[in-house]
There are 2 protein chains.
Amino acid sequence: MQLVLETFVKGILGQQLNFLGRAITLVESTLKEHQQFADQVLEQILPHTGQSIRLGISGPPGVGKSTFIEAFGQLFVEAGNKLAILAIDPSSQRSQGSILGDKTRMEALATHPNVFIRPSPAGTASGGVNHHTRESILLCEAAGYDIIIVETVGVGQSEVVVRQMVDYFLLLAQPGAGDELQGIKRGIMELADGIAITKSDGRLLADARIAQKSLESALHYQIPLHDHWRPEVFCCSALENKGLTDVYQNILNFIEQQKASGELDRYRQTQRKNWWIETLRYGLIERFFQSPYVKKQLAELEQEVIQGNMLPKRVAQQLLKLYFSNEPIGNL
Amino acid sequence: MQLVLETFVKGILGQQLNFLGRAITLVESTLKEHQQFADQVLEQILPHTGQSIRLGISGPPGVGKSTFIEAFGQLFVEAGNKLAILAIDPSSQRSQGSILGDKTRMEALATHPNVFIRPSPAGTASGGVNHHTRESILLCEAAGYDIIIVETVGVGQSEVVVRQMVDYFLLLAQPGAGDELQGIKRGIMELADGIAITKSDGRLLADARIAQKSLESALHYQIPLHDHWRPEVFCCSALENKGLTDVYQNILNFIEQQKASGELDRYRQTQRKNWWIETLRYGLIERFFQSPYVKKQLAELEQEVIQGNMLPKRVAQQLLKLYFSNEPIGNL
């Protein structure tokens, strides 16, 4: 396929899956020319983005994420929406197989004409910032998807990344009493707009209720992320199709309320602002550490700091001075 | 007082309070010449630092922090230690009065010859990094203090800052059931190595027990910060002198265990490493935003990002290019 800008843009806006898929591949590519082309595509489609509901869904391994999303996603599709599912794999190469496995496990969704499923290995992330998924969201929106689910395995860092690009963040938890049993990691609960306990059926139902009470009580220690929104805990069963509509309705209520108050707009503006600042910081710091003048002295000076022989401030000053008085100025 | 390096260093190492106090004032000064002098002093005393136990203590307004520290600090003093208390006021000017008030409320400690109490308004922090308190810790250590308590009002950000400079972080909580009653904010509990519930006496004792159970249960959702250390919750009463020795013993156990395993050393090395990287980042970013070329275009381009008219990545690229191809190279 030739890289012709107009063709790509037309293809994406015309909701042609092959162009959407190929554009995401370019966004994820590590080749500079691919990235530059992808940037041009993104700039063209930018006016056609932002209309979707962006959902983050995360849960620990074994929580039954695919089963949940398979059943839960149906609700959106049945309501006439086009649904895109972007799966970030925080462990990149290593478990790429398992995410592709997930795709085949979501059989009904995977074969539905209004559903687009795409794994996105985090391992190829360049520029130190996870642009890919944010940019893939934009591409999916331009291709007419109303609901974008960004799913990730809950391992701590990935949830934070996803939180920064979605409107509503849903945590999946295991039935069970206390401890790490429910699979919710340190500092992650505070990211959630809602929590769904999976497998709330059969002999696990009692455990699910215990988990619900326990998580509700733990939520009391969180200040909600959004004004006027108090996260709730839902017991769900994909098997018995129970509780899923409650979560679905909760999300719709959230979006409606946050849109009405203007908070959704403000929140997305903040996300965009953070995105550019993050990119800027990374650009400045990357260039600094690539400087041969810095490289030559870095290891030695850093060791002096770590061992407590030099003031941390002094080492920073010395390296900054070295950098700014030597670095040849050129184009990026 | 003349700024003679040798005199200052000798004075501090000779445990003369007037030199310690004056050195902290220089560390906190916004005058460049003061800072430069302070840096020289710090470099001289650096080999004489690091031997103290560094304790962070934080609690919400009204938790009875001064009363707690007044009683708790006695335990260290009675054991023959020299105790320094550095109080960070996160709201700077505004409540400086209240922290000075705190000092007079800690009457027994304030008048004890082996105790040094010093308020440190966060408002004067320059360089975007709270160097002052970290540097004041070093100065106190050089002046022979064995125990350094860094106390702060719990308002969210200040606890994170303090956590990064202490060995053991103690959270104070209110007696009471659930919710924000206990005064523990979002994301703060995970910073704690131990939690003390104050006022666990008289008619509040029952509430204290409820808070204890509830916090213990919430701690189950935290992955402890340190290997092999599980934070505990203590019911304390400064009035009845109850539970304070348990906290005291817990801290000594912690230090002993973490020293034996080498974890304390590693943790402090990480703190020093983070300190220099933080200073570096700030230096790079501050210089960027001070560039007249950046300033000229910043507001307009940022608005384009926020409004969603330009790709965040593109704006970062444009401003970086502008910066690096125009910025005159000079000394810092």
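All values derive from a computational prediction rather than experimental measurement.

A. Just the domain arrangement of chain A, in detail. All names here are of chain A. Along its sequence, chain A is carved into domain 1 (1–48), domain 2 (50–261) and domain 3 (273–331). Taking both sides of the interface into account, the surface hidden between domain 1 and domain 2 amounts to around 1600 Å²; carbon and sulfur atoms contribute 63%. The largest per-residue losses of area from domain 1 upon contact with domain 2 belong to Leu-20, Ile-24 and Glu-28, which jointly make up 33% of the total buried on that side. Glu-28 is the partner of Arg-118 in a salt bridge, and the nearest nitrogen-oxygen pair spans 3.3 Å. At the boundary of domain 1 with domain 2, the tally comes to four residue pairs in polar contact (both at pLDDT 80 or more). Mapped by element, the contributors of at least two residues to the side of domain 1 that touches domain 2 are helix 1 (5–13), helix 2 (17–28) and helix 3 (32–45). If you tally residues by element for the side of domain 1 that touches domain 2, the top one is helix 2, at eight residues. Residues that form the side of domain 1 that touches domain 2 fall into these classes: eleven nonpolar, six polar and two charged.

B. Spatial organisation of the packing of aromatic side chains. Enumeration according to the criterion identifies 22 aromatic pairs over all chains in this entry. Pairing Phe-116 of chain A with Tyr-145 of chain A gives two aromatic rings, centres 5.9 Å apart and planes at 40 degrees, and the pair type is tilted. With Phe-116 of chain A in strand 3 (residues 115–121) and Tyr-145 of chain A in the loop between helix 7 (131–142) and strand 4 (147–153), this pair connects stretches of sequence that are 29 residues apart. A relative accessible area of 9% means that Phe-116 of chain A is categorised as buried. You can call Tyr-145 of chain A buried: its relative accessible area is 1%. Centre to centre, the rings of Phe-72 of chain B and Phe-76 of chain B are 5.3 Å apart; their planes meet at 90 degrees, and the pair counts as edge-to-face. Separated by four residues within a single helix, Phe-72 of chain B and Phe-76 of chain B lie in helix 4 (residues 65–78), roughly one turn from each other. Since its relative accessible area comes to 0%, Phe-72 of chain B is described here as buried. Each member of the aromatic cluster is reached from another via a ring pair, and the members are Phe-68, Phe-72, Phe-76 and Tyr-248 of chain A. Residue placement shows Lys-82 of chain A over the ring face of Tyr-145 of chain A; its charged tip is 4.4 Å from the ring centre. Residue placement shows Arg-287 of chain B over the ring face of Phe-324 of chain A; its charged tip is 3.7 Å from the ring centre.

C. Focus on the pattern of salt bridges. The full count for this structure, using the stated rule, is 26 salt bridges over all chains. Close ionic contact of Arg-134 of chain B with Glu-278 of chain B constitutes a salt bridge, the shortest N to O distance being 3.2 Å. In this pair, Arg-134 of chain B is assigned in helix 7 (residues 131–142) and Glu-278 of chain B in helix 11 (residues 263–290), connecting sequence segments 144 residues apart. Since its relative accessible area comes to 5%, Arg-134 of chain B is described here as buried. A residue is classified by how much of its surface remains accessible, and Glu-278 of chain B, at 27% relative accessible area, is partly exposed. Several salt bridges converge on common partners, so that one network encompasses Asp-39 and Glu-135 of chain A together with Lys-313 of chain B.

D. How the structure looks around the side chain of Glu-159 of chain B. Take Glu-159 of chain B: it is sitting in helix 8 (residues 157–163). The buried category is assigned to Glu-159 of chain B, whose relative accessible area is 2%.

E. View of helix 4 of chain B. Residues and elements named next belong to chain B. With 14 residues, helix 4 extends 20 Å from end C-alpha to end C-alpha; this agrees with the ideal 20 Å at 1.5 Å per step. The buried fraction of helix 4 is high, at twelve of 14 residues. For helix 4, the set of buried residues is Lys-65, Ser-66, Phe-68, Ile-69, Glu-70, Ala-71, Phe-72, Gly-73, Gln-74, Leu-75, Phe-76 and Val-77.

F. Representation of the side chain of Arg-314 of chain B in the model. Looking at the element boundaries, Arg-314 of chain B is found in helix 13 (residues 312–326). Judged by its relative accessible area of 19%, Arg-314 of chain B is buried. Discounting residues that sit within four places of it in the chain, Arg-314 of chain B has contacts with Asp-39, Gln-40 and Glu-43 of chain A.

G. Structural detail: unusual backbone geometry. Residues and elements named next belong to chain B. For Gln-15, which is not glycine, the phi dihedral falls at a positive 60 degrees. For Gln-15, a relative accessible area of 40% translates into the label partly exposed. For Lys-199, which is not glycine, the phi dihedral falls at a positive 55 degrees. Within the secondary structure layout, Lys-199 lies in the loop between strand 6 (194–197) and helix 9 (205–219). On the basis of relative accessibility, which here comes to 29%, the residue Lys-199 falls in the partly exposed class.

What counts, and at which threshold
Residues numbered from 1 in each chain as written. Chains lettered and ligands numbered in written order. Predicted model: local features only at pLDDT ≥ 70, side-chain atom pairs only at ≥ 80, totals over all residues. Heavy atoms only, no water. Domains from an automatic or database assignment. Buried area = accessible area lost by both parts, 1.4 Å probe. Salt bridge = Lys/Arg side-chain N within 4 Å of Asp/Glu carboxyl O. Polar contact = N/O pair within 3.5 Å; in protein donor to acceptor, adjacent residues only side chain to side chain. Helix = DSSP H or I, 4+ residues; strand = E, 2+ residues; numbered from the N terminus. Nonpolar A, V, L, I, M, F, W, Y, C, P; charged D, E, K, R; others polar. Phe/Tyr/Trp six-rings, centres within 6.5 Å; stacked < 30°, edge-to-face > 60°. Buried < 20%, exposed > 50% of the residue type's maximum accessible area, 1.4 Å probe, protein only. Lys NZ or Arg CZ within 6 Å of the ring centre and 35° of its normal. Expected span 1.5 Å × (residues − 1). Contact = heavy atoms within 4.5 Å.

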